[in-house]
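Chain and residue survey
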2 protein chains.
Amino acid sequence: MTEMPMRVGCFYCEHNAEQDSKMTAITSLSVSTVYLNHDQTYAGRVIVALNWHVDEMFELTDGQRNAFFKDVSIVAQVLMDVFWADKINYGIYGDLVSHLHVHMVPKKKSEAGFGEAFTNNPGSIKVISPAQEAARIEQLRKLLEEAADETF
Amino acid sequence: MTEMPMRVGCFYCEHNAEQDSKMTAITSLSVSTVYLNHDQTYAGRVIVALNWHVDEMFELTDGQRNAFFKDVSIVAQVLMDVFWADKINYGIYGDLVSHLHVHMVPKKKSEAGFGEAFTNNPGSIKVISPAQEAARIEQLRKLLEEAADETF
């Protein structure tokens, strides 16, 4: 890595209360951090955010971009297995929060919303209990760290 | 590439009338083909589809995945420049059309829809004239092929 720029006012850089209001860190992978979204309308919805600030993937070197999408790919495989997903949805939007991050949403044929893009900011969110959240985070952390160890 | 599997009934594999009803090919890059979406609600909306069938990015080898996201990155840079975009949105959904493909949507602060995820399947689409479409495709083809030549 030649540089790891951070941006003032970006919650993915500052790890501030705004970020805490939306997500909880699960673990870090090679160049990214994985967060469990507080909205668990789709069980297992997570965010994978680059560990430094760029707005667009084309600002990365080839090696950085390869590492980032390897991290994303590891997360996708784990989500698929843990949540019995039929498909993973991925969204990179960032009009307002430009820091490179991927919303990852496990989708099941048997559940509402299958067949259409997930709603990024739903009107009401599904929050799970603190105990459920802690258990989900611990399960994902263990599997993500194992998967990352096997892969590198 | 060890294999290039195709799937019967998948329009990204079969290049059939269903595909023609949604998009027009612009050019091929290293492992993907770029299509102009018939819906040009957001000027420059395109699709980048892998040139063979997988459902999820984790089915690819590291080299295949790296090449795919390099293609995506090249397209993003060109869209940013041509359409004076403030942000590129990327969506990989595929609940019903599972073939790995990325919807890429240039967003502008001055236009409607900035600040929220683009609508993947809007109720009504904005179609441009055949002449406008041909011009847009020709412009993008030229710039994409130049960018790919510079990059490899």
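Predicted model only: the values in this text are computed from it and were never measured. Residues take numbers from 1 onward in each chain, read along the sequence in its written order. The naming scheme follows written order: chains are lettered A onward, ligands numbered 1 onward. Two thresholds apply to this predicted model, a pLDDT of at least 70 for residue-level local features and 80 or more for giving and counting side-chain atom pairs, whereas whole-chain, interface and lining totals are computed over all residues. Neither water nor hydrogens contribute to the side-chain values; these are computed over all heavy atoms in the structure.

The next point concerns the packing of helix α3 (residues 62-82) of chain B against helix α4 (residues 130-151) of chain B. All names here are of chain B. An axis is simply a line fitted to the C-alpha atoms; with a helix, the fit covers only the stretch in contact. Between two such axes, the angle follows the N-to-C directions and lies from 0 to 180 degrees. The way it works is that DSSP assigns letters per residue, a run of H or I at least four long becomes a helix, a run of E at least two long becomes a strand, and they are numbered from the N terminus. Packing of α3 against α4 brings their axes to within 10 Å, and their N-to-C directions diverge by 130°. As far as their axial angle goes, α4 and α3 are oblique. Crossing angle aside, the handedness with which α3 passes α4 is right-handed. Listed contacts from α4 to Lys-70, Ile-74, Val-75, Val-78, Leu-79 and Val-82 of α3 are Gln-139, Leu-140, Leu-143, Leu-144, Ala-147, Ala-148 and Thr-151. Residue composition of the contact of α3 with α4, by class: 10 nonpolar, two polar and one charged. Convention used here: angles under 35 degrees read as roughly parallel, angles over 145 as roughly antiparallel, angles from 65 to 115 as roughly perpendicular, and any remaining angle as oblique. Two helices that cross are described as forming a left-handed crossing if the nearer one is turned anticlockwise from the farther one by less than a right angle, and a right-handed crossing if clockwise. Whether two residues touch is decided by their heavy atoms; if any such pair falls within 4.5 Å, the residues are in contact. Classification convention: Asp, Glu, Lys, Arg as charged; Ala, Val, Leu, Ile, Met, Phe, Trp, Tyr, Cys, Pro as nonpolar; all other residues, Gly among them, as polar.

Before going further, it helps to spend a moment on the pattern of salt bridges. Salt bridges, as used here, are contacts in which a Lys or Arg side-chain nitrogen is within 4 Å of a carboxyl oxygen on Asp or Glu. Applying the stated rule across the entire model yields 16 salt bridges over all chains. A salt bridge links Asp-62 of chain A to Lys-70 of chain B; its shortest N-O distance comes to 2.8 Å. Here Lys-70 of chain B lies in helix α3 and Asp-62 of chain A lies in helix α3 (residues 62-82), a pairing that spans two chains. Here's how the labels work: a residue is buried when its accessible area is under 20% of the maximum for its type, exposed when over 50%, partly exposed in between, all with a 1.4 Å probe on protein chains only. Residue classification places Lys-70 of chain B among the buried positions, given a relative accessible area of 11%. Among the salt bridges present, the one from Arg-45 of chain B reaches Asp-39 of chain B, with a minimum N-O distance of 3.8 Å. A residue is classified by how much of its surface remains accessible, and Asp-39 of chain B, at 4% relative accessible area, is buried.

Another point: the pairing of strand β4 (residues 87-92) of chain A. Within β4 of chain A, six of the six residues are buried, which leaves it mostly tucked inside the rest of the structure. Strand pairing requires that DSSP identify at least two bridges connecting the strands. With five bridges connecting them, β4 of chain A and strand β5 (residues 101-107) of chain A associate as antiparallel partners. From the neighbouring strand, Lys-87 of chain A faces β5 of chain A, where its bridge partner is Lys-107 of chain A. Relative to strand β4 (residues 87-92) of chain B, β4 of chain A runs antiparallel, the two sharing three bridges. Paired with Tyr-90 of chain A across the strands is Ile-92 of chain B, a residue of β4 of chain B.

When two rings of Phe, Tyr or Trp (its six-membered ring) have centres within 6.5 Å they constitute a pair, described as stacked for plane angles under 30 degrees, edge-to-face for angles over 60, and tilted for the intermediate range. With the rule as written, the count across this model stands at 11 aromatic pairs over all chains. Consider the rings of Phe-11 of chain B and Tyr-12 of chain B, whose centres lie 4.6 Å apart with planes at 40°: the pair is tilted. Put simply, the rings of Phe-68 and Phe-69 of chain A together with Phe-68 and Phe-69 of chain B pair up and form one aromatic cluster.

Residues and elements named next belong to chain B. For α4, spanning 22 residues, the distance from its first C-alpha to its last is 31 Å, which sits close to the expected 32 Å at 1.5 Å a residue. Of the positions making up α4, those classed as buried are Arg-136, Ile-137, Leu-140, Leu-144, Ala-147 and Ala-148. Buried positions in α4, seen along its axis, are confined to an arc of 105° and lie on one side of it. Summarising the geometry of α4, the exposed residues directed more than 90 degrees from the buried face are Ala-131, Asp-149 and Glu-150. Buried positions along α4 lie against β1 (23-28), β2 (32-37), β3 (46-50) and α3. The span one expects for a helix is its residue count, reduced by one, times 1.5 Å. Starting at the helix axis, one direction is taken to each C-beta atom, and the arc is that of these directions.

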